[in-house]
Amino acid sequence: MEALTPMSLMTRTAKLACVGVLAALATACGGGDAATGNSNVSTSRHAVGGELSGLSEGGSITLMNNSADELTLTRNGLFTFDEPVQSHYRVVVSQNPYWQRCEVSSGIGSATAAVANIRVSCSEVNAVKTAFSPGLLSPYGVAVDPNGDVYVTEFSGNVVKKISPEGVVLDTISHASLNMPYGIASDADGNIYIANFGNDSITKMSRSGVFSTIADPSFSGLAGIAVDRLGTVYVVNSGNNTISKILAGGNVSLIADPSISSPRAIAVDSLGSIYIPSLSGNSITKITSGGAVTVITDASIDTPYGIAIHQNGSIFVANYGNSTFSRIAPGTGAVTVFAPSAIFQRPFRITVGTGENVYVIDNATNDVYKIAPSQ
């Protein structure tokens with residue numbers, strides 16, 4: 001072992017000091033920790049978020065950050081992505097809400113601290129009409145099954161047309177029970193129900209093509225028809241301003257309210273509430289499953305012959321009297337009127353389809369149109 005003399009001790013101390021200076025210089029120049037070799041680049045991560053506004057109640061929007069971090073929002077207000085970022089962020093709309101379009105501002109940048117200034121604003125859109133199935137014979141009712149196929153009743157021809165989502169007539173359905181077929185509806189299993197105005201009966205056609213008939217003394221001038229998620233059937237009695245409710249087991253009861261006046265259509269939402277437009281009152285009566293009654297009015301509602309409800313609660317109304325259709329947003333009740341003069345002459349019946357498609361019968365031209373929001 002080497003003996004440490006005063007001179008050798010001074011030499012070793014100088015060498016260590018030199019090494020320390022070199023290490024400090026290397027670190028200052030970006031060389032990192034000399035002992036570990038780790039980079040001195042910052043590894044701090046920052047939250048990315050902002051605020052959403054204009055989203056309709058019941059709607060949802062999906063945002064994407066850096067093509068990887070997905071965030072679905074169902075209400076307005078502040079939001080933050082799950083994954084913080086080390087540097088850059090790029091926020092875009094991955095999926096727009098139903099019948100709305102949203103824009104992102106301040107969505108691109110480099111994060112040096114928490115980001116909270118991203119703004120996402122949503123608004124209603126315009127409607128675009130596409131000719132779907134022209135030249136039908138007195139089309140009175142329209143419905144869409146779970147596969148997206150469209151069914152249209154031909155009142156004068158006593159038949160039902162089955163039409164593909166592309167507008168191709170797949171079948172002309174006839175049966176002895178069909179007598180002035182008016183309203184039509186599909187249940188969740190794809191069974192089709194047809195209200196026969198001519199003989200006050202309901203024709204049920206199963207998915208496999210088996211026909212059966214439902215009749216009851218309460219039926220009077222059958223018009224619109226709807227089916228809820230439990231298989232309960234509701235049918236409009238235009239002859240006495242009432243609604244017949246038919247349970248899946250076959251029991252029939254009658255629903256009446258003074259607000260129901262000259263009804264021709266009916267729709268049911270996911271909670272089991274029914275909506276009945278009144279032609280003479282230019283209003284819509286809502287009756288919950290518990291029996292509570294609310295009357296919906298708006299200046300845009302004019303001779304409402306048709307009504308439909310999307311699963312998110314959006315209500316669509318066909319206004320025969322002013323050649324428009326209205327969308328009533330869920331929750332807030334905000335009304336958007338679609339009234340380009342080139343769309344309709346006499347919108348008569350309406351139903352929601354797959355995606356954002358809405359189908360409308362124009363009574364003046366005997367055509368069915370597919371309506372979708374502008375992109």
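Residues numbered from 1 in each chain as written. Predicted model: local features only at pLDDT ≥ 70, side-chain atom pairs only at ≥ 80, totals over all residues. Heavy atoms only, no water.

### A few points about the sheet that holds strand β1 (residues 48-53)
Here is step 1 of the chain: With mixed pairing, the four strands of this open sheet are ordered in space as β4-β1-β8-β6. Each having just a single partner strand, β4 (77-80) and β6 (100-105) make up the two edges of the open sheet. Across the sheet, the mean angle from the axis of one strand to that of its neighbour is 25°, orientation sign disregarded.
Here is step 2 of the chain: Pairing of β1 with strand β8 (residues 115-124) involves five bridges; the strand directions are parallel. Within β8, the residue paired with Val 48 across the bridge is Val 115. (Pairing = 2+ DSSP bridges. Helix = DSSP H or I, 4+ residues; strand = E, 2+ residues; numbered from the N terminus. Axes fitted to C-alpha atoms, helices over the stretch in contact; angles between N-to-C directions.)

### Points about the sheet that holds strand β19 (residues 233-237)
Here is step 1 of the chain: The strand order β18-β19-β20-β21 describes an open sheet built from four strands, whose pairing is antiparallel. Edge positions in the sheet fall to β18 (222-227) and β21 (252-255), since each has one partner strand and no second. The average angle at which neighbouring strand axes cross in this sheet is 25°, direction not considered.

### As for the state of the cysteines
Here is step 1 of the chain: Within the structure shown, the criterion is met by one disulfide.
Here is step 2 of the chain: One disulfide bridge connects Cys 102 with Cys 122, the sulfur atoms lying 2.0 Å from each other. Handedness here is read from the sign of the S-S torsion; for Cys 102 and Cys 122, about 105°, the answer is right-handed. Within this pair, whereas Cys 102 is found in strand β6, its partner Cys 122 is found in strand β8, the two being separated by 20 residues in sequence.
Here is step 3 of the chain: Residue Cys 102 is classed as buried on the basis of its relative accessible area, which comes to 10%.
Here is step 4 of the chain: Judged by relative accessible area, which is 10%, Cys 122 ranks as buried. (Disulfide = S-S within 2.5 Å. Buried < 20%, exposed > 50% of the residue type's maximum accessible area, 1.4 Å probe, protein only.)

### Considerations on the environment of Ile 296
Here is step 1 of the chain: The residue Ile 296 is located in strand β25 (residues 293-297) in this model.
Here is step 2 of the chain: Between the alpha carbons of Ile 296 and Pro 277 there is a distance of 9.1 Å; along the sequence they are 19 residues apart.
Here is step 3 of the chain: For Ile 296, the residues in contact, after removing those within four places along its chain, are Tyr 275, Ser 283, Ile 284, Ile 301 and Ile 328. (Contact = heavy atoms within 4.5 Å.)

### Regarding the packing of aromatic side chains
Aromatic ring pairs are reported here in terms of the distance separating the ring centres and the angle at which the planes meet.
Here is step 1 of the chain: Enumeration over the complete set of coordinates arrives at 20 aromatic pairs.
Here is step 2 of the chain: A ring pair is formed by Phe 79 and Phe 81, whose centres lie 6.1 Å apart and whose planes are at 85°; its orientation type is edge-to-face.
Here is step 3 of the chain: What makes Phe 79 buried here is its relative accessible area of 4%.
Here is step 4 of the chain: The class for Phe 81 is buried, based on a relative accessible area of 4%.
Here is step 5 of the chain: Consider the rings of Tyr 140 and Tyr 182, whose centres lie 5.0 Å apart with planes at 80°: the pair is edge-to-face. Here the residue Tyr 140 occupies a position in strand β10 (residues 139-144), and Tyr 182 occupies one in strand β14 (residues 181-186), the gap between them amounting to 42 residues. (Phe/Tyr/Trp six-rings, centres within 6.5 Å; stacked < 30°, edge-to-face > 60°.)

### Focus: the pattern of salt bridges
Here is step 1 of the chain: Inspection of every chain in the model, using the stated rule, returns three salt bridges.
Here is step 2 of the chain: Glu 124 is the salt-bridge partner of Arg 327, the closest N and O atoms lying 2.6 Å from each other. On the criterion of sequence distance, the pair formed by Arg 327 in strand β28 (residues 324-328) and Glu 124 in strand β8 is long-range, its members being 203 residues apart.
Here is step 3 of the chain: Residue class for Arg 327 comes out buried when judged on its relative accessible area of 2%. (Salt bridge = Lys/Arg side-chain N within 4 Å of Asp/Glu carboxyl O.)

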